[in-house]
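A closer look at the structure
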Amino acid sequence: MAAKSDQLLIVVSILEGRHFPKSPRLSLVVQASFDGEHLETDPVEHREQPQFSTELAWELDRKTLHQHRLQRTPIKLQCFTLDSVSRKKDNIGYIVLDLRSVQEVRQEPRWYQLLSSKYTKQKPALLVGTILENDSKAAEPSPEKFRAKKAPPRQGSGSVSDLLPDQLEAELIPDQGYHQVGPAERCSDMFVLSVTVAFATKLEQLIPSTKKLPADDSGFFFYYSLLGNDITSEPFHSLLSPDFEPERASVRIRSSKQVLQAFLSQQPSLQIHLCCGNHSLGSSDVPLSALTAASVDLESKAATVEGAFILQPPRRNKLPALPAELQPTVGVAVILRREELTPQFLGSKDPSRAPPLRVAPSAEQTAPSSSPAQKPSGPPPLPPPSSCTESEAESLLEELELHRKQAAAAGVDVPEGGASSVSVSAPKVSIPSSAHHYCFSLDLRSLGKLGSPHPIAATLRYSYQFFGSSAPIMTSPPVELQRNMEASLPQSFCAFDFAALPQQLQDTFLRVPLVVELWDRGSTSRDQLMGSASIQLHQLLSSERTRLGSAGEPSWRQTHQDRIPVVHPERPTERVAELSYVATLDDFGFVKAKEVLVSDSSQNERPAVPQSSSHPMAPKPPLHPTAPQGPAAPVATRDTLEYRAALELEMWKEEQEDLFDDQLRQKELRHMQALAEEWKKRDGEREALVKKKELEFSLLEEKLQKTLSDLEKREKQLAEAELQMERLQRELRAEHELTQKELQEASRRLQRECDHRVALEKDKVRLMEEERGRLLQQMADGECRYQQLQKEFQLYREQQNLRPECRLQAELNLLTLEKVELERKLESTTKSKLHYKQQWGRALKELARFKQREQENAMARLKKQQAELEAMKLRYLATEEKEAVRQDRRELDDIRNELNRLKKQEEERLGPAPAEPDSAPSLNLNESAEEHLSRLLEERDTLLRTGVYTHQDQIIAELNRQIQEAMRDKKL
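Residues numbered from 1 in each chain as written. Predicted model: local features only at pLDDT ≥ 70, side-chain atom pairs only at ≥ 80, totals over all residues. Heavy atoms only, no water.

Residue placement: D285 occurs in strand 17 (residues 279–286). By relative accessible area, D285 is classed as partly exposed at 42%. Residues D285 and Q271, 14 residues apart in the sequence, show an inter-C-alpha distance of 4.6 Å. Apart from residues lying up to four places away in sequence, D285 is in contact with S269, L270, Q271 and F309. A distance of 3.5 Å separates polar atoms of two side chains, one belonging to D285 and the other to Q271. (Helix = DSSP H or I, 4+ residues; strand = E, 2+ residues; numbered from the N terminus. Buried < 20%, exposed > 50% of the residue type's maximum accessible area, 1.4 Å probe, protein only. Contact = heavy atoms within 4.5 Å. Polar contact = N/O pair within 3.5 Å; in protein donor to acceptor, adjacent residues only side chain to side chain.)

Here strand 28 (residues 514–520) shows one buried face, formed by L514, V516, L518 and D520, and one open face, formed by V515, E517 and W519. Pairing between strand 23 (residues 456–464) and strand 28: 5 bridges, direction antiparallel. Note that in strand 28 the partner of R461 across the bridge is E517. Relative to strand 29 (residues 528–535), strand 28 runs antiparallel, the two sharing 7 bridges. Paired with E517 across the bridge in strand 29 is S532. (Pairing = 2+ DSSP bridges.)

The strands making up a sheet associate through backbone hydrogen bonding, with each pair oriented either parallel or antiparallel. Spatial ordering of the open sheet is given by 14-13-16-17, a layout of 4 strands whose pairing is antiparallel. Edge positions in the sheet fall to strand 14 (229–232) and strand 17, since each has one partner strand and no second. Averaged over all pairs of adjacent strands, the angle between strand axes in this sheet comes to 25 degrees, irrespective of strand direction. For strand 16 (residues 270–276) and strand 17, the ladder comprises 7 bridges, and the chain directions are antiparallel. Bridging from a neighbouring strand, C276 pairs with H279 of strand 17. (Axes fitted to C-alpha atoms, helices over the stretch in contact; angles between N-to-C directions.)

A few words on the nonpolar core. The biggest cluster of nonpolar side chains holds 44 residues, and the ones touching the most others in it are F222, Y224, L274, L291, V334 and L336. Mapped onto this core, the elements with two or more residues apiece are strand 12 (189–201), strand 13 (220–226), strand 15 (247–255), helix 3 (257–266), strand 16, strand 17, strand 18 (303–310) and strand 19 (329–338). Excluding residues that lie within four positions of it along the chain, Y224 makes contacts with V195, V197, N229, D230, I231, A249, L270, Q271 and I272. (Core = buried A, V, L, I, M, F, W, Y, C linked by side-chain atoms within 4.5 Å.)

Glancing now at the packing of aromatic side chains. This model, assessed by the stated rule, comprises 17 aromatic pairs. Residues F467 and F496 carry aromatic rings whose centres are separated by 4.9 Å and whose planes lie at 25 degrees to one another, so their mutual orientation is stacked. On the criterion of sequence distance, the pair formed by F467 in the loop between strand 23 and strand 24 (469–474) and F496 in strand 27 (residues 493–500) is long-range, its members being 29 residues apart. As far as burial versus exposure is concerned, F467 and F496 are alike and both buried. (Phe/Tyr/Trp six-rings, centres within 6.5 Å; stacked < 30°, edge-to-face > 60°.)

On to the packing of helix 9 (residues 804–910) against helix 11 (residues 954–971), then. Where helix 9 contacts helix 11, the axes come no closer than 12 Å and their chain directions differ by 35 degrees. Seen along the crossing, helix 9 lies across helix 11 with a hand that is left-handed. In contact with L874, E881, K882 and V885 of helix 9, helix 11 contributes M967, K970 and K971. Its residues assigned to classes, the contact of helix 9 with helix 11 shows 3 nonpolar, no polar and 4 charged. (Left-handed = near helix turned anticlockwise from the far one by under 90°. Nonpolar A, V, L, I, M, F, W, Y, C, P; charged D, E, K, R; others polar.)

The subject of this paragraph is the pattern of salt bridges. Close approach of charged atoms lets side chains of opposite charge pair. All chains considered together, the criterion is met by 33 salt bridges. Where R557 meets D586, a salt bridge forms, and the shortest distance between an N and an O atom there is 2.7 Å. Taken together, the positions of R557 in strand 31 (residues 555–567) and D586 in strand 32 (residues 575–590) put the pair 29 residues apart, joining distant regions of the chain. Close ionic contact of R686 with D683 constitutes a salt bridge, the shortest N to O distance being 3.9 Å. (Salt bridge = Lys/Arg side-chain N within 4 Å of Asp/Glu carboxyl O.)

This paragraph deals with the side chain of S27. Its location among the elements puts S27 in strand 2 (residues 26–34). Overall, the relative accessible area of 19% leaves S27 in the buried class. Apart from residues lying up to four places away in sequence, S27 is in contact with P43, V44, H46, F80, T81 and L82.

Structure below.
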């Protein structure tokens, strides 16, 4: 069963949204991410309040959940818009949920505002709920899934089991008092199935240490279901020593041995539940498979399954592992026998015609209406809870009866059910007649405007002793309050009923404010007081009064709603948060009861019995006094009837006082015995709890020892790792220092080299400057020599130009240049002429080709136009001919009708004559030819209108040929 509860489901319910802008073209999708796994909702309409109504779940075990909680793995909800046309997703905001806030108890959904929202003006939010559920799919499979298959029947041996269905059912026959299993005509043997719950041990181990053992509760009982009948055992009130009578529940079954064995093999294990009220504290499975053993001969003896079965706690209660000797057990015996056999367990025999369900030795039990899986909803009726013993209750009842008789003698009516052991012994408090019955209710709505930058787990706490209770009222569970966010407070409504004088109420409300404290219940640190808010209750008294109800005494209601600041406890001027609350005061008028019972179990005072002047047991004076008979002799005082009556009354009083003292001593003795028994019982419970605590503490000590050993190992590993790290740091430091020294040495060496190179370069520059000066001097000298030579050459040229040979030579050179230029021009002209000739011939050829192509195109267009014209002519002629043919046909029809009419007249006048040949066949031939021609013309026109075919295509030419032949045939 531990494996069943280890598998969990983290369920995130995304219900609806609010403050979203309306966009018909877009859809909204929420994607939830946890531990790398992404889940999405279905797209919904993008409107102001989108309805998602989707649950997303992740499966994991408790160990993984614990690791995620330690690592604070978040659950991230991202809201996307989805374009219906382009299928584009756009992120509009996200929400981060804390995994530690997900509990197994169902919590109210909360509104979470989208962070980093694209819609900054409207502040959209999502209504999200979270819960941690047990994974039902991971439960262990039931015995039906692993039951062995039936053996195949032998060849040639037919049996009743061959005719049975796959699932057998027990059908109750009420008038006969048995259950029928299998076909009635083949299954006629009577069997009795009995279940006995005999004893139970170590039941206190099923109660968690956080729960208190119930002292005077509705009691404990065992519950199981037998063939659809719900059975409960006799209730008992102590788990340490369960005291109940063994009870046997029996059902009569009409079947055969083979069918009954098959039926029992199909049934699941019998579940025995230990219940307290409506809750199951533990259950045990009793297998019924042993009853179907083939070796058991039900004809001679009974099949029995008995033993002490371990009670397992429900999955919601996590209990530590217990040794075998401390396991809670229940003794159960299941017996299957033929009806003629005598049961051997209790020695009693069931009658043959008993109802289907019998319980021995007590009467028939009434069972809860729900099934074991749903836990019994109603225990059997128990005696009323009381701390008194049976004898004490009898004495109290005697006193109550005496008080009722005396009150009846005094003329006072005492109701039958108005007295109890509490009402007799409880003291009373008188209430003034002018006091009013008030009901004050306070609803702490929300917290907001947090001044702290960090979120807190907020819970509120307050107490007001004037309302009759000094116990603090707290909201739970804590809510996460963040800055610029308002959070609703769960379970924050509380109402107080009290009685007070109106003036006292006003004075108290005016003087004493109601102080509400704000606490931060962080998971890692202790509770911290963040601030307090003072609610001035006198403002409630000054609010408007509204009438409640119309009949009877008038009732009034006053309501006040406000938002007050929560201030720091040490700095009253600093605002921590803001609290919204609604306070209501209902005035129900004067208190009807003048005395209120003070319920205190420790007070057991003797009730005051009113004394009557004429007790029924006192001696009575004579009813008929004798008449006076003259003067009587003087009688002594002790001999008078009055003295005797007074003496007897005093003696009776002494006797009654002695009896009353004896009753008080006996009652005191009974009280002391009851207290001793209760003390022994409580002492045993305390010892059991101490043993249980010692066992739990020993288990915790073992866990702590193991944890300490693990911590020591981790500390050793950490110490070794620290030493290793220090060694590595020393090595790295030494290596760094060596590298620095090498770098410094290299830098010094490079500095020296650079200085040497700079000195060499300076020497080179100096030498180059000297060489430059020398070269500049040489250039100046060369320039002087060049100018001198230039002058000499100019003088020489002038001298040469003055000679006649020079002039002739110059003219000859000019003529040679002109000749060369003319020859070049002649050659280029010749080449241009040849090129132009070639271009001219090519242009003529191209022109001729263009002319020929244009002529061909013109001829083709002309032919096409002629063909179209011819076709139009043919169509026109065909239309005209068709119209003429129709006209001729009409004339021929008229003529034929006239001829027929004349023929009929002639036949009537002359008698029968040989019939003339009719011209109808020729007319039918003409009509068919015209239809054929029309069809051909229509097909050709349809093909031409498509634009795919032209007049040059073969199919169009073939249609033209057929049209011409049809026209020739028509003319002929």
